[in-house]
Amino acid sequence: MVSVAGQVFFFGLLVLVAVSPTAATGSPLRTASNPQFEVVGLHGRSVTQVEALSRHIVRMAERYLDRSGLQFPQRILVSLKPTEFVDFEGDYIVRFSERGFVNLDLHWRESLSLLTTCRALTEALLLRYSIFNHGQAGPQFLPEWPATAIGTKVYFQLRPAKSNRVADWLELPATPTVASLLQRKWSDSNADFNGYAFLLAMERSNMPTTRIGRLMKASIGGENVASELATFLQLRDPLAEDFVLDDWWVASWEHFLASPTEPMETMQASREWIEALADLSNTDFAHLNLSQLWNERDDEALRELIEARYEILKVRISRVNPAYFNAARSLGALFESYLSGERRHRYIFRLSVFLGDMEDGRALEATVSEALSPGRR
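Residues numbered from 1 in each chain as written. Predicted model: local features only at pLDDT ≥ 70, side-chain atom pairs only at ≥ 80, totals over all residues. Heavy atoms only, no water.

(A) Spotlight on unusual backbone geometry. Of note, N206 is a non-glycine position whose phi angle comes to about 60 degrees, a positive value. In this fold, N206 is placed in the loop between α8 (194-204) and α9 (209-220). The exposure class of N206 is exposed, given its relative accessible area of 59%. (Helix = DSSP H or I, 4+ residues; strand = E, 2+ residues; numbered from the N terminus. Buried < 20%, exposed > 50% of the residue type's maximum accessible area, 1.4 Å probe, protein only.)

Okay, structure coming up:
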């Protein structure tokens, strides 16, 4: 559910502290934060996972939007509310105040899907972005398609098997015209995938990411980007007569229905992702490396962090490039060893296996890159 309301932004947090039986018995609320989001809830593992997911959302948004425009003076507050504390209908509600605060309340229950969570976090991020960059009028301009596009793309990154056929996610014949798609606002109740399909259509038309980002930023600012999009597409085929944007849109849908997408990552993307999972330098445990984890296995906050990373690894491992698949699997085995409390020598053995698999992956990546370099025949 999408809604606009609210004046005092930390009210939900204060209420949760006041009425939570967990808080009342002395157990504090769990929090995790990054430059854009602050996540609060009663269950540490859930909080850590949502915070990690929010960082995925931010990284995806940074592909299209200026990083400086995402450096907000106040973090977005995300509250994971169990059913007994929910005061809204649906899965989530996004609220903003005149002072620029943005709050996302999630109805935290088993039926809340990963896809909905991705969309909700993206919606809150872009709402804050619109206010930060366009003032209090920003929410009036903010269209729905960028939130759907970015949120769904992150979801398919984490669930690559779901993206094998885009057609499975498109609902025909309810395809809007480009004009109607661009006019949809973030507060409209639309649960389709048209915004994501729109992004895919531009990417498959060989539109540079920088150009897509420019269109997205202009659209968020309230501009009608249909003309600029049509001009770019027309220039790609100057011999085409009477170019019609909606014809391109329909043709794009036909292409989606006919061809599968490729979920496999590049070697570089897989390497960087695995390295990030194994790196604690951007956490509260920056003083630790993998060889030191075992000695801190009784630290509850550290266990929650490793549990969250282990869950993320399990979700995304099917997308990992074959060059780094063994490394991803051995990192998972290392996390399992830490979480299960196996003997120290077993943990050290699995650490050595992971480090060896990473070196093998890097060596293979270097060999392939050299073989494919322009200077080699």
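Picking up after the structure, the text goes on.
(B) How the structure looks around the pairing of strand β3 (residues 76-81). Burial analysis of β3 places 6 of its 6 residues in the buried class, the great majority of the element. Side-chain alternation along β3 places I76, V78 and L80 on one buried face and L77, S79 and K81 on a second face that is also buried. By the bridge criterion, 4 bridges tie strand β2 (residues 37-41) to β3 in an arrangement that is parallel. Bridged to F37 within β3 is I76. (Pairing = 2+ DSSP bridges.)

(C) Structural detail: the side chain of T148. One can find T148 in helix α6 (residues 145-158). With a relative accessible area of 4%, T148 lands in the buried category. Setting aside anything within four residues of it in sequence, one finds T148 in contact with R119, D192, F193, G195 and Y196. (Contact = heavy atoms within 4.5 Å.)

(D) Representation of the pattern of salt bridges in the model. For the structure shown, the criterion picks out 20 salt bridges. Here E311 ties to R45 by a salt bridge, and the two come within 2.5 Å at their closest N and O atoms. Remark: R45 occurs in helix α3 (residues 44-64) and E311 occurs in helix α13 (residues 300-316); sequence separation between them is 266 residues. Residues participating in the shared-partner salt-bridge network are R271, E275, E359, R362 and E365. (Salt bridge = Lys/Arg side-chain N within 4 Å of Asp/Glu carboxyl O.)

Function cannot be read off these values alone, since they describe shape.
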